[in-house]
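Secondary and tertiary structure notes
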Amino acid sequence: MKKCAIGLVRLYQRLLSPLFPPSCRYNPTCSNYMIQAIERHGLKGILMGLARILRCHPWSKTGVDPVPDHFSLRSHLEEEEKGKN
């Protein structure tokens, strides 16, 4: 099942993504984040990837947001900012 989900993301990367200008505000890109999340967290990684896609909009912060070691739907950037306050 993990291979199927990753295959769908890779299909998107090869066929649909080149048709649009680069617009991801994070590093790694949202599609690469989803692949890494699925590899690390199994099918829960799909939820993490979808949450990341929903966070990727013009008003969000930008920066490096790696896949966390533990399952979380929150951004690494949000957790850092929460720790500063």
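Note that the coordinates shown come from a computational prediction; the quantities given were computed from them, not determined experimentally.

About the thresholds
Residues numbered from 1 in each chain as written. Predicted model: local features only at pLDDT ≥ 70, side-chain atom pairs only at ≥ 80, totals over all residues. Heavy atoms only, no water. Helix = DSSP H or I, 4+ residues; strand = E, 2+ residues; numbered from the N terminus. Buried < 20%, exposed > 50% of the residue type's maximum accessible area, 1.4 Å probe, protein only. Contact = heavy atoms within 4.5 Å. Areas by Shrake-Rupley, 256 points an atom, 1.4 Å probe, with all protein chains shown as cover. Expected span 1.5 Å × (residues − 1). Phe/Tyr/Trp six-rings, centres within 6.5 Å; stacked < 30°, edge-to-face > 60°. Lys NZ or Arg CZ within 6 Å of the ring centre and 35° of its normal. Core = buried A, V, L, I, M, F, W, Y, C linked by side-chain atoms within 4.5 Å. Axes fitted to C-alpha atoms, helices over the stretch in contact; angles between N-to-C directions. Parallel < 35°, antiparallel > 145°, perpendicular 65-115°, else oblique. Left-handed = near helix turned anticlockwise from the far one by under 90°.

Before going further, it helps to examine the overall build of the protein chain. Along its length, the protein chain carries 4 helices and 2 strands. Each helix and strand of the protein chain, ordered N terminal to C terminal, gives the series α-β-α-α-β-α. For the protein chain, buried positions account for 32% of its 85 residues. When contacts within the protein chain are restricted to residue pairs at least 6 apart in sequence, those whose partners lie at least 24 apart make up 55%. Accessible surface, the protein chain: about 5,900 Å² in total, of which carbon and sulfur atoms supply 62%.

In this section: helix α2 (residues 30–41). The end-to-end C-alpha distance of α2, which contains 12 residues, comes to 16 Å, matching closely the 16 Å that a straight helix rising 1.5 Å per residue would cover. Buried positions along α2 lie against α1 (2–15) and α3 (44–55). Positive backbone phi, approximately 70 degrees, marks glycine 42, located one or two places after α2.

Now for the packing of aromatic side chains. To describe a pair of aromatic rings, you give the distance between the ring centres and the angle between the ring planes. Counting across every chain of the model gives 0 aromatic pairs. Between the NZ or CZ atom of lysine 44 and the centre of the ring of phenylalanine 71, over which it lies, the distance is 5.1 Å.

Most often, soluble globular proteins have nonpolar side chains that are buried together. One finds Ala5, Ile6, Val9, Met34, Ile35 and Ile38 forming the largest nonpolar core, which totals 6 residues. Contributing elements (two or more residues each) for this core: α1 and α2. Leave out the neighbours within four places in its chain, and isoleucine 6 touches Ile35, Ile38 and Glu39.

The subject of this paragraph is the packing of α2 against α3. In contact at an axis separation of 7 Å, α2 and α3 are set at 155 degrees when each is read in the N-to-C sense. It follows that α2 is roughly antiparallel to α3 by the angle criterion. Seen along the crossing, α2 lies across α3 with a hand that is right-handed. On α3, the residues touching Cys30, Tyr33, Met34, Ala37, Ile38 and His41 of α2 are Lys44, Gly45, Ile46, Met48, Gly49, Leu50, Arg52, Ile53 and Arg55.

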